[in-house]
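Each chain, letter by letter, is given below.
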Amino acid sequence: MKKFSTYLLVMFMIVFWIIRIIITLTSQLGKDFLGVVPQNEIFEIVILFATLLCLILIVKRKLVGSLLYLALHAVYFGGDVTNKLNIISNNNTLTLTQSTELMFSIIGIIIPLAVLIDLLLDKNRKNNPKDKKTDWFYKNEEFDRKLDERADKNNYRTM
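These figures come from a predicted structure and were not determined experimentally.

Peer 1: Talk me through the overall build of the protein chain; I want residue IDs and the actual numbers.
Peer 2: The number of helices and strands found in the protein chain is 5 helices and 0 strands. Classification of the 159 residues of the protein chain by burial places 30% in the buried group. Partitioning the contacts of the protein chain with sequence separation of at least 6, the portion at a separation of at least 24 is 66%.

Peer 1: Can you lay out unusual backbone geometry for me, pointing to particular residues and giving the numbers?
Peer 2: For arginine 61, which is not a glycine, the phi torsion comes out positive at approximately 65°. Counting through the fold element by element, arginine 61 comes out in the loop between α2 (41–59) and α3 (63–89).

Peer 1: So, helix α1 (residues 4–28): which residues are in play, and what are the values?
Peer 2: Quick reminder: α-helices carry 3.6 residues per turn. Residues three or four places apart thus point the same way. An ideal rise of 1.5 Å per residue puts 36 Å on 25 residues; α1 measures up with 36 Å between its terminal C-alpha atoms. Thr6, Leu9, Val10, Met13, Phe16, Arg20, Ile23, Thr24, Thr26 and Ser27 are the residues of α1 that are buried. Elements in contact with the buried residues of α1: α2, α3 and α4 (96–121).

Peer 1: I'd love a proper account of the pattern of salt bridges, names of residues and values included.
Peer 2: With the rule as written, the count across this model stands at 4 salt bridges. Measuring nitrogen to oxygen at the nearest pair gives 3.7 Å for the salt bridge that ties arginine 61 to aspartate 118. Taken together, the positions of arginine 61 in the loop between α2 and α3 and aspartate 118 in helix α4 put the pair 57 residues apart, joining distant regions of the chain. In this structure, arginine 61 and aspartate 118 share a single accessibility class: buried. A salt bridge links glutamate 101 to lysine 84; its shortest N-O distance comes to 3.3 Å. Taken together, the residues span a long stretch of sequence, with glutamate 101 in helix α4 and lysine 84 in helix α3 at a distance of 17 residues. Neither glutamate 101 nor lysine 84 differs from the other in exposure class; each is buried.

Parameters at a glance
- Residues numbered from 1 in each chain as written.
- Predicted model: local features only at pLDDT ≥ 70, side-chain atom pairs only at ≥ 80, totals over all residues.
- Heavy atoms only, no water.
- Helix = DSSP H or I, 4+ residues; strand = E, 2+ residues; numbered from the N terminus.
- Buried < 20%, exposed > 50% of the residue type's maximum accessible area, 1.4 Å probe, protein only.
- Contact = heavy atoms within 4.5 Å.
- Expected span 1.5 Å × (residues − 1).
- Salt bridge = Lys/Arg side-chain N within 4 Å of Asp/Glu carboxyl O.

Below is the structure:
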């Protein structure tokens, strides 16, 4: 995790995760948070725990974590977005609660998409990770050991 964009996306993921925890807890207490209630409380709790696993995988720069994160959030929030957009397309207006739920659902899809795009665009994710502690020696050709005709090429074995 060496890019600034990755740090920002992970921070947005954590903030959105905390907001979803607050929404779920207030729903369990019989109240609502800004008029937003979970669509399915059990699936919401499963997503909250799965997000922890995805967060760890994304910090370790694994593509599987971002794909799982996108799949879970697209399944959960995608249906809500399509329902709200169908209401709008039928020339009906959304209430304030529905508009807030639509905003949270759109954010719930945009963040995983941004994380996936960030991981896909990172060229150094797998093939060339940098380590400043050792690269000054191993990436520098003047320290390479040169073999000449006098080099001992025998492989002695000790018993």
